[in-house]
Amino acid sequence: MKEEDGNVVIRVNRHDVKERQRFTLAHEIAHFLLHRDRIGDGITDDILYRSKLSDFMEVQANRLAADILMPGHLIQPKLKEFTELRDEEKYKKLADMAEVSTTAIKIRLGKI
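Residues numbered from 1 in each chain as written. Predicted model: local features only at pLDDT ≥ 70, side-chain atom pairs only at ≥ 80, totals over all residues. Heavy atoms only, no water.

## Some points on the overall build of the protein chain
For clarity, the cut-off: Where helices and strands are cited, they refer to DSSP runs of H or I of at least four residues and of E of at least two residues respectively, numbered from the N terminus. Partly exposed residues are those whose accessible area sits between 20% and 50% of the maximum for their type, while under 20% is buried and over 50% is exposed, using a 1.4 Å probe and protein chains only. Residues are treated as being in contact if the distance between any of their heavy atoms lies within 4.5 Å. Residue-level accessible areas treat just the shown protein chains as cover; the underlying method is Shrake-Rupley with a 1.4 Å probe.
Counting its secondary structure elements, the protein chain contains 5 helices and 0 strands. Reading the helices (α) and strands (β) of the protein chain from amino to carboxyl end gives α-α-α-α-α. Among the 112 residues that make up the protein chain, the fraction classed as buried is 31%. The long-range fraction of contacts in the protein chain, counting pairs at least 24 apart against all pairs at least 6 apart in sequence, stands at 50%. A total accessible area of about 7900 Å² is found for the protein chain, and carbon and sulfur atoms account for 51% of it.

Here it is in structure tokens:
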């Protein structure tokens, strides 16, 4: 949201779980970095977390958010370290380590 003084403010739903809040914050920072010229009066996501920006821009923001929260140089070595674990156990350990949801980890790893 853009304030009257021109400052951009990111608001996160305090009722969301911590992992969702972290991803939302990283996602909105990504929009600011990548799509600052498209923000206008602000980006408002509805209850389904969809903005009026194109799907391509949402994918870009999601990818950058994933890179911010789950950088490959940290995730890949752990992924190799956890080879003895079943997939779901591995995703849970990685998610806990990065403080994100297992869904976010699966997206980051290209499993979804």
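## Concerning helix α2 (residues 55-69)
As a reminder of what qualifies: Given a helix with a known number of residues, its expected span is that number minus one, times 1.5 Å.
The end-to-end C-alpha distance of α2 is 21 Å, a good match for the 21 Å that 15 residues give at a rise of 1.5 Å each. Three or more residues of α2 are buried, namely Met 57, Glu 58, Ala 61, Ala 65, Ala 66 and Leu 69. Looking at the buried residues of α2, the elements they touch are α1 (18-35), α4 (87-98) and α5 (102-108).

## Here we look at a nonpolar patch on the surface
Quick reminder of the rule: Patch building starts from residues that exceed 30% relative accessible area and form no salt bridge, then joins like charges within 9 Å and nonpolar side chains (Val, Leu, Ile, Met, Phe, Trp, Tyr) within 5 Å. Here a salt bridge means any side-chain nitrogen of Lys or Arg lying within 4 Å of a carboxyl oxygen belonging to Asp or Glu.
A cluster of nonpolar residues, Val 8, Ile 10, Val 12, Leu 25, Ile 29, Phe 32, Leu 33, Leu 34 and Ile 68, forms a patch on the protein surface that exposes about 660 Å² of accessible area. Here the element with the most residues in the nonpolar patch is α1; it accounts for 5 residues. The residue Phe 32 is located in helix α1 in this model. Under the relative-accessibility criterion, Phe 32 is labelled partly exposed at 30%.

## A word on the nonpolar core
This is how it is decided: Only buried residues count toward a nonpolar core. Its members are Ala, Val, Leu, Ile, Met, Phe, Trp, Tyr and Cys residues joined through side-chain atoms within 4.5 Å.
Residues Leu 69, Met 70, Ile 75, Leu 94, Val 100, Ile 105 and Leu 109 are the most contacted members of the largest nonpolar core, which totals 18 residues. Looking at this core, the elements that each hand over two or more residues are α1, α2, α3 (72-81), α4 and α5. It is α4 that provides the largest number of residues to this core, a total of 4 residues.

## Regarding the packing of aromatic side chains
Applied cut-off: Aromatic pairing here means that ring centres of Phe, Tyr or Trp (its six-membered ring) are within 6.5 Å. Orientation follows from the plane angle: under 30 degrees is stacked, over 60 is edge-to-face, and everything else is tilted. Any Lys NZ or Arg CZ found within 6 Å of a ring centre and within 35 degrees of that ring's normal is scored as a charge over the ring.
Applying the stated criterion across every chain yields a total of 0 aromatic pairs. Of note, Arg 36 hangs over the ring of Phe 32, and the distance from its end group to the ring centre comes to 4.2 Å.

## Some words on the environment of Thr 103
Structurally, Thr 103 can be placed in helix α5. Owing to a relative accessible area of 42%, Thr 103 belongs among the partly exposed residues under this scheme. For the pair Thr 103 and Lys 92, spaced 11 residues apart in sequence, the C-alpha separation works out to 9.4 Å.

## Side note on unusual backbone geometry
A positive phi angle is found at Glu 99, which is not glycine, with a value near 55°. Within the secondary structure layout, Glu 99 lies in the loop between α4 and α5. By relative accessible area, Glu 99 is classed as partly exposed at 34%.

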